[in-house]
Amino acid sequence: MPESTWSGATARTSADDHVAYGGFHAAIAQRRLLLPALHAVQDSVGWVSHGALNYISERIPVAPAEAYGVATFYDLIATEPLPRRVARVCDDIACVAAGRTKLITDLEAEIGPENTPNGEGMWVRSPCLGHCEKGSAAFIQRAGEQAITIAPVTANQIAAILDGEPTTMATPPVVASSFAGLARARAMGAEAVREEVVKSRIRGRGGAAFPAGIKWNGVADASGDTKYVVCNADESEPGTFKDRWLIEQDPFALIEGIAIAAYAVGATKAYIYIRGEYREAEILLTSALEVAGDAPGIEIEIRRGAGAYICGEETALFNSIEGFRGQPRQKPPFPTTSGLFGAPTLINNVETLVAIPGIVSDGGDAFARLGTEESTGLKLFCVSGAVTDPGVYQVEFGATTRELIDLAGGAQGEVRAVLSGGAAGSFLTEDQIDVPLTFEDGRDADISLGSGAIIVFNTEADMTAITYRIAEFFAHESCGLCVPCRVGTSLQLDIVGRICEGADTDADLYDLDNIGWVMRDASICGLGHTAANAVESALRIGLIGGKT
Amino acid sequence: MIETTLADPRLVEITLNGETALAHADATILDVCRAQDVDIPTMCFLETLTPFNSCRLCVVEVAGSRTLIPSCSRTVEVGMEITTESERVANTRRILYEMYASTVDLSLSDDDTRRWMAKYEVKPGRFGEYESHRKVKIQDDLYIRDYDKCVMCYRCVAACGTEAQNTFAIDVAGRGLSSTISTEFDVVLPDSACVYCGNCIGVCPTGALMFKSEYDMREAGSWDESRQTVTTTICSFCGVGCSLDLHVQDNRIVKVSSPLDHDVTDGHLCIKGRFGYAHIQEEAGRST
């Protein structure tokens, strides 16, 4: 029988106060459990009280001030009392572009204003929930019950759930996979697998487009007994939903990709960091991992985000897993030598890892024959907004934005603007719409492929409101670590606000330009580097401003 | 210029502002610049703490890098070409100071900050004049916290945590521009883990953290550094041998600090060395 609750006893004993095995290092290593512990309290009670925080702090152990710093960092963790059920309703740009503004007005009519408790429920606006192809989405946190995402959703449905109507998520059953690619990888040997990845010339699909082969070899060659593979499934870029879609289509493909990666680089443990709002995909992955059993040959732990866009940045993601505030680290050192827990870490996007079993089975050369010289293989694009069939579209690299819009059934109404790459991307000019979406053409034409989000706006869309929403998004999501981004995103929001009201001055435009390049030039991470892209491009092509 | 050769494997050759220089392989760009008398502004950096990379004022140009590089944390590499002053660097630093000035009360910031702001012709009101909106936290007789003056350099968090005191009474709470330094649930300091070592005051660059004695005198208009003397002594409370700088005005101790470069303290003290001076004043009062 365990001696104390520290070692698993169900009730406190006198040993609780004076028995500690493993010493200081074992104790501080438990800090990685902080975010799951906060989640557990949030999920069951609906908020994290002072008492709960102190209890978590004592048990992990971590200083209460630090635990509070972590808790207050995330949108999905509350440190003030909240109603038992909170609906986070997407009002982001892809929904607005698709004309789905009725949900918000319906909610105001049916339940009352935002952020105001009504009985045991409340609704608030949320950044993009990544269900853009399905329709208006709501993520509903329910104390003591499974949180749930519904898309498409109506105000009536939300009101009913907030009133306590029982609703469960229908998750399809998972069927075991043969892991043929993994078996092939093991037959080839780790070095040969990495060689195929190098030959495939696949670049990371998360946005930074770094050649995966170089990363894999970097981690394999790095010294250290402990190495990690981390799958970045913290998909939060507005208008991006391909990673969620991939997991929903076949969670085993991702698990197999991770298993092959872990084998190829010699990793000792793998993590999947999945966006907190993607509860359905998380459940699928959990079931798939149970079904897979020992087949992957490596322990894969799923870690749930808690509502912070910045945690999609690789080093911020590491800090989040480790139980710290999800703030980025200055690079170098790069993750390949010093990543998660300071160990060499391979971190890849879901889409990149899902492509791996195919590369191993068919060979890197076969993969490289698709696409172009610098942009090999197939790529997923998320087409949303004012198109007939929004969804995930897979094309060979080389398709243009216009072709992708046509694939999605064409635009609805007259196209006013196209945003490529999500909030971190830019609005395209007429010429740019016909540029092939490859890394090399994109670079030459100054187009950010980013995460592969293409949001189409027709002439019904209020582009000043859209641009303001993007500026608001960055001011809300900036972690606050470095000054250019912390202050810059906020100043940018103020100035865009004045532009939207037609109250801007020449000095405002000059300031906006200056703020943009300081964020791009001096911020610590990609969030700050890209925070001005969309606003600047909106100004450049005349979507906003131009009152003179 | 250091007279040595590349035969020493610990040295790397770099180019600093167009001139070849030799640097230790584990030196940061800032280390090299300071050794070569190349002036670089800093705000969040402190010699005794691990660089936190928050202020970005120390950025320099490094050939081949898409963005500017914070010199405080980047280690030199063979062949690195560094430019510390250029229009790009100067404009960035100027705008960063202007960003600070619009969001923080810089009235008590250090001399270095004033000098650089003058040099770059910073317009403090460019992005809007800063308006005070937070109440000064006075929760005890030892020190006050005026977060209107906080630049979020994280030095106090580091000093309270693993870098000096290992007390962890404060951390950053919240996110983005509204993030702030806080105890858990913003409890008052006496209810927090704070042990009143005052090391957070010792590292604060902007006067956001201040001795209550200094705060009271500033409020009363009697704080006058030109009338102050600094007496260096050794703390007599225990055998560690911490160096104390007693700041004295009108024959009364108004503040205690310790030199950053002192081997024993690295500038850090404990509650006794930092605040345990009242008995001296009492004696002095009684004798006159």
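Residue numbers here run from 1 along each chain, matching the order of that chain's written sequence. Each chain takes a letter, starting from A, and each ligand takes a number, starting from 1, following the order in which they are written. The predicted origin of the model limits local features to residues at a pLDDT of at least 70 and limits the giving and counting of side-chain atom pairs to 80 or more, whereas totals for whole chains, interfaces and linings rest on all residues. Computation of side-chain values: all heavy atoms of the structure, hydrogens and water removed.

This brings us to the overall build of chain A. For chain A, the count of helices and strands is 23 helices and 13 strands. Two things to know: the radius of gyration comes from C-alpha atoms, and the globule rule equals 2.2 Å times the number of residues to the power 0.38. At 23 Å, chain A has a C-alpha radius of gyration in line with the 24 Å of a compact globule built from 548 residues. In terms of principal-axis extent, the alpha carbons of chain A reach across some 75 × 60 × 45 Å. Only protein chains enter the accessibility calculation, which uses a 1.4 Å probe. A residue is then buried if its area is under 20% of the maximum for its type, exposed if over 50%, and partly exposed in between. Each of the 548 residues in chain A was classed as buried or not, and the buried ones make up 60%. Sequence-distant contacts, at least 24 apart, represent 71% of the contacts inside chain A between residues at least 6 apart. Method for areas: the Shrake-Rupley scheme with a 1.4 Å probe, in which residue coverage is limited to the protein chains shown. As presented, chain A carries roughly 20100 Å² of accessible surface, and 51% of it is formed by carbon and sulfur atoms. With 42 positive and 71 negative side-chain charges, chain A shows a spacing of 4 Å between the two charge centroids. Put simply, DSSP H or I for four residues or longer makes a helix, DSSP E for two residues or longer makes a strand, and each gets a number counted from the N terminus. What makes two residues a contact is simply this: any of their non-hydrogen atoms within 4.5 Å. The charged-residue count follows a simple rule in which Lys and Arg add positive charge and Asp and Glu add negative charge, with His and chain termini not counted at all. In this description, the location of a charge corresponds to atom NZ of lysine, CZ of arginine, CG of aspartate or CD of glutamate.

For interface size, the figure often reported is the accessible area lost on association. Taken together, the 48 residues of chain A in the interface contact 42 residues of chain B. In this assembly, chain A packs against chain B so that about 3600 Å² is buried in total across both faces, 59% of it on carbon and sulfur atoms. Its largest share of buried area at the contact with chain B, chain A owes to Tyr68, Arg486 and Asp521 of chain A, together 17% of the area lost on that side. What makes a salt bridge here is a side-chain nitrogen of Lys or Arg within 4 Å of a carboxyl oxygen of Asp or Glu, nothing more. The interface formed by chain A and chain B includes four salt bridges. Its salt-bridge partner being aspartate 75 of chain A, residue arginine 175 of chain B comes within 3.2 Å of it at the nearest N-O pair. Counting of polar contacts relies on pairs of N or O atoms within 3.5 Å, with two restrictions inside protein: one atom must be capable of donating a hydrogen and the other of accepting it, and residues adjacent in sequence are counted only when both atoms are side-chain atoms. Summed over the shared surface of chain A and chain B, the number is 20 residue pairs in polar contact (both at pLDDT 80 or more). Of all elements in the fold, only helix H3 (50-59), helix H4 (64-71), helix H19 (463-477), helix H20 (483-500) and helix H21 (506-522) of chain A reach the threshold of two or more residues within the side of chain A that touches chain B. The dominant element in the side of chain A that touches chain B, judged by the number of residues it contributes, is H21 of chain A, at nine residues. Partitioned by chemical class, the residues of the side of chain A that touches chain B number 23 nonpolar, 16 polar and nine charged. The buried area of a pairing is the accessible area, by a 1.4 Å probe, that goes missing from both parts when the two are put together, added over both. Nonpolar residues are Ala, Val, Leu, Ile, Met, Phe, Trp, Tyr, Cys and Pro. Charged residues are Asp, Glu, Lys and Arg, and all others, Gly as well, are polar.

Residues and elements named next belong to chain B. Residues are called lining when one of their atoms sits within 4 Å of a cavity or pocket point, these points coming from a 1 Å grid over the protein atoms alone, where a cavity is a set in which a 1.4 Å probe fits but cannot get out and a pocket is an open set with protein on both sides within 12 Å along at least five of seven lines. Grid points are joined across faces, edges and corners, and a volume is the space filled by probe spheres set on the points. In total, this model carries five cavities of 30 Å³ or more according to the counting rule given. Its boundaries defined by the atoms lining it, the largest cavity holds a volume of some 140 Å³. Those elements giving two or more residues to the lining of the largest cavity turn out to be strand E7 (143-145), helix H4 (155-160) and helix H5 (199-203). Taken together, the residues of the lining of the largest cavity sort by class into 13 nonpolar, three polar and one charged.

All names here are of chain A. A fitted line through C-alpha atoms represents every axis, and for helices the fit uses only the stretch in contact; the resulting angles, taken between N-to-C directions, go from 0 to 180 degrees. Running from N to C, H21 and helix H23 (residues 533-540) cross one another at 145 degrees; their axes reach a closest spacing of 10 Å. Considering the relative orientation of H21 and H23, their crossing is left-handed. Between H21, through Leu509, Leu512, Asp513, Gly516, Trp517 and Arg520, and H23, the contact on the second element is made entirely by Asn533, Val535, Glu536 and Leu539. Per-class residue counts for the contact of H21 with H23 are five nonpolar, two polar and three charged. Throughout, a crossing is termed right-handed when the near helix is turned clockwise from the far one, and left-handed when it is turned anticlockwise from it by less than a right angle.

Residue and element names in this part refer to chain B. Annotation comment: domain bounds sourced from an automatic or database domain assignment. For chain B, the domain assignment lists domain 1 (1-131) and domain 2 (137-287). Here the C-alpha centre of domain 2 lies 27 Å away from the C-alpha centre of domain 1. Across the domain 1/domain 2 interface, buried area totals approximately 1700 Å², and carbon plus sulfur atoms make up 63% of it. Three residues, Thr48, Leu49 and Leu108, lead the burial of domain 1 against domain 2; their summed loss comes to 33% of the area buried on that side. Our count for the domain 1 to domain 2 interface comes out at one salt bridge. Residue aspartate 105 pairs with lysine 149 through a salt bridge whose shortest N-O separation is 3.6 Å. On the surface where domain 1 and domain 2 come into contact, there are eight residue pairs in polar contact (both at pLDDT 80 or more). Residue classes in the side of domain 1 that touches domain 2 are distributed as eleven nonpolar, six polar and three charged.

Inspection of the secondary structure puts serine 478 of chain A in the loop between H19 and H20. Overall, serine 478 of chain A belongs to the buried group, its relative accessible area being 1%. The contact partners of serine 478 of chain A, leaving out residues within four places of it in the chain, are Cys485, Arg486, Thr489 and Leu527 of chain A together with Arg175 and Gly176 of chain B.

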